[in-house]
Amino acid sequence: MDIMTTIANAKVVPVVVIKDLSEAEPTLRALCEGGLPIAEITFRTACAADAIRLAVEKFPDMLVGAGTVINRAQAEKAIACGAKFIVGPGFSAEVAETCQKADVPYLPGCVTPTEIITAISYGIEIVKFFPCSNYGGLGTLKALSAAFPSVRFLPTGGISADNLLEYLAFDKIVACGGSWMMKGTPDEIREKTAAAVALAASAK
């Protein structure tokens, strides 16, 4: 099963911020035990690369990606550490080229028609829509989809248990990214993750 199919089947991509490497293993284990072995580990912290490497080593059945990747150096480092997909808050040509060379899926952040056209020109047809709620949410996604029928979206930013099903009901959304299940202790993360998995499974 390819990476994007795995993400589409899961319907939810946890956005994981690891501030200290000691948090990585219990946090990632909680996600796996909650039934969601996927993690977009953000490159916003000093230990992000080490957290990705640890995740790949300790959780071989987990789909580990890197998020908030904004330049070539970060992309190369994330891929070297074992990241299987790369997510960006915006579009970067050098990240797109790096990912193409490594045959790693790249989901760039695109919120305007021009950005989507740029992504398409690089052969990308699944894009992140971030920050979703600030850029008009589902209404904007539907308007963009009318102009770009071949494009699918991974909205992130403002997604929660309260509106997840509303987003997943739109067939141009491949999955939703979010961090609502990542707050609290490992036990709380496990419980919230299990609830998110059950909720996503009920989507039609």
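Just so you know, these numbers come straight off a predicted model, no measurement behind them.

Chemist: What exactly am I supposed to notice about the overall build of the chain here?
Modeler: Of regular secondary structure, the chain possesses nine helices and eight strands. On C-alpha atoms alone, the chain measures out to a radius of gyration of 16 Å, which is about the 17 Å that the 2.2 N^0.38 rule sets for 204 residues. Here the C-alpha coordinates of the chain stretch approximately 45 × 40 × 30 Å along the principal axes. Sequence separation of 24 or more characterises 57% of the internal contacts of the chain that already satisfy a separation of 6 or more. For the chain, the computed accessible surface area is about 9100 Å², with 53% contributed by carbon and sulfur atoms.

Chemist: Which parts of the structure should I look at to understand the layout of surface pockets?
Modeler: With a probe scaled to a water molecule rolled over the atoms, the places where space remains empty come into view. The calculated volume of the largest pocket comes to roughly 310 Å³. In terms of lining, the largest pocket is formed by 16 residues, of which the most central are V104, P105, Y106, G123 and I124. If you list the elements that add at least two residues to the lining of the largest pocket, you get α1 (3–10), α5 (93–102) and β5 (106–107). In terms of residues, the lining of the largest pocket owes the most to one element, α5, which gives three residues. A breakdown of the residues in the lining of the largest pocket according to their chemical character gives 11 nonpolar, two polar and three charged. Taken as a whole, the second largest pocket encloses approximately 200 Å³ of empty space. Lining the second largest pocket are 17 residues; nearest its centre among them are V15, F130, T156, G157 and S179. Of all elements in the fold, only β2 (38–42) and β8 (176–178) reach the threshold of two or more residues within the lining of the second largest pocket. Partitioning the lining of the second largest pocket into residue classes produces five nonpolar, eight polar and four charged.

Chemist: Explain α1 here, please?
Modeler: For an α-helix, the turn length of 3.6 residues means that residues three or four places apart are oriented alike. N-capping of α1 is provided by D2, with a side-chain oxygen placed 3.3 Å from the backbone N of M4. Two residues or fewer past α1, K11 is found with a positive phi of approximately 70 degrees.

Chemist: I keep staring at the environment of S121 and nothing clicks. Help me out?
Modeler: For S121, the location among the structural elements is in helix α6 (residues 113–121). Among the polar contacts made by the side chain of S121, one reaches the main-chain carbonyl oxygen of T118 at a distance of 2.5 Å.

Chemist: What is the right way to read empty space enclosed by the protein from this model?
Modeler: Within the structure shown, the criterion is met by one cavity of 30 Å³ or more. The space that makes up the largest cavity amounts to roughly 30 Å³. Around the largest cavity, the lining residues are I7, V13, E40, F85, V87, L107 and L154. Residues belonging to the lining of the largest cavity are distributed by class as follows: six nonpolar, no polar and one charged.

Chemist: Teacher, can you tell me more about the packing of helix α2 (residues 21–33) against helix α9 (residues 186–201) here?
Modeler: Between two packed helices, both the angle of their axes relative to each other and the distance between the axes serve to describe the pair. Running from N to C, α2 and α9 cross one another at 30 degrees; their axes reach a closest spacing of 8 Å. Considering their axes alone, α2 and α9 lie roughly parallel with respect to each other. In the crossing of α2 with α9, the sense of the turn from one axis to the other is right-handed. Contacts between α2 and α9 pair P26, T27, A30, L31 and E33 from the former with P186, I189, R190 and T193 from the latter. Each residue belonging to the contact of α2 with α9 can be placed in one class, and the counts come to five nonpolar, two polar and two charged.

Chemist: Explain the pattern of salt bridges to me, please; I cannot follow it from the model alone.
Modeler: Where charged atoms from two side chains of opposite charge come close, those side chains can pair. What the rule picks out here adds up to six salt bridges. For R53, the salt bridge identified is with D50, shortest N-O distance 2.7 Å. Linking R53 with D50, this pair stays in helix α3 (residues 48–58), spanning three residues, or about one helical turn. Judged by its relative accessible area of 35%, R53 is partly exposed. Its relative accessible area of 37% is what places D50 among the partly exposed residues. Ionic pairing is found between E97 and R72, a salt bridge with its closest N-O pair at 3.7 Å. One end of the pair, E97, is in helix α5; the other, R72, is in helix α4 (residues 72–80), and 25 residues separate them in sequence. Taking the relative accessible area as the measure of exposure, R72 reaches 32% and is therefore partly exposed. Beyond isolated ion pairs, a larger network of salt bridges with shared partners links E33, D187 and R190.

Quick notes on the rules
Each residue is numbered by its place in its chain's sequence as written, counting from 1. This being a predicted model, a pLDDT of at least 70 is required before a residue's local features are given, and a value of 80 or more before pairs of side-chain atoms are given or counted; all residues contribute to the totals for chains, interfaces and linings. Water and hydrogen atoms play no part in the side-chain values, which are based on all heavy atoms of the structure. What counts as a helix is a DSSP run of H or I of at least four residues, what counts as a strand is a run of E of at least two, and both are numbered from the N terminus. For this measure, only C-alpha atoms enter the radius of gyration; the expected value for a globule follows 2.2 Å times N^0.38, where N is the number of residues. Residue contacts are counted whenever heavy atoms from the two residues lie within 4.5 Å of one another. Using a 1.4 Å probe, accessible areas were evaluated by the Shrake-Rupley method; residue-level cover was limited to the displayed protein chains. Cavity: a set of points on a 1 Å grid over the protein atoms alone where a 1.4 Å probe fits but cannot get out. Pocket: an open set with protein on both sides within 12 Å along at least five of seven lines, its lining residues, like those of a cavity, having an atom within 4 Å of a point. Grid points are joined across faces, edges and corners, and a volume is the space filled by probe spheres set on the points. Side-chain classes follow a simple rule in which Ala, Val, Leu, Ile, Met, Phe, Trp, Tyr, Cys and Pro form the nonpolar group, Asp, Glu, Lys and Arg form the charged group, and the remainder, Gly included, forms the polar group. N or O atoms within 3.5 Å of each other form a polar contact, as long as, within protein, one can give a hydrogen and the other can take it, and as long as residues adjacent in sequence are counted only when both atoms are side-chain atoms. Between the N-to-C directions of two axes lies an angle of 0 to 180 degrees, each axis being a line fitted to C-alpha atoms and, for a helix, fitted only over the stretch in contact. In these notes the angle categories are as follows: under 35 degrees is roughly parallel, over 145 is roughly antiparallel, 65 to 115 is roughly perpendicular, and the rest is oblique. Left-handed describes a crossing in which the near helix is turned anticlockwise from the far one by less than a right angle; the clockwise case is right-handed. Salt bridge, as applied in this entry: a Lys or Arg side-chain nitrogen positioned within 4 Å of an Asp or Glu carboxyl oxygen. Only protein chains enter the calculation, and the probe is 1.4 Å; a residue is then buried if its accessible area is under 20% of its type maximum, exposed if over 50%, and partly exposed in between.

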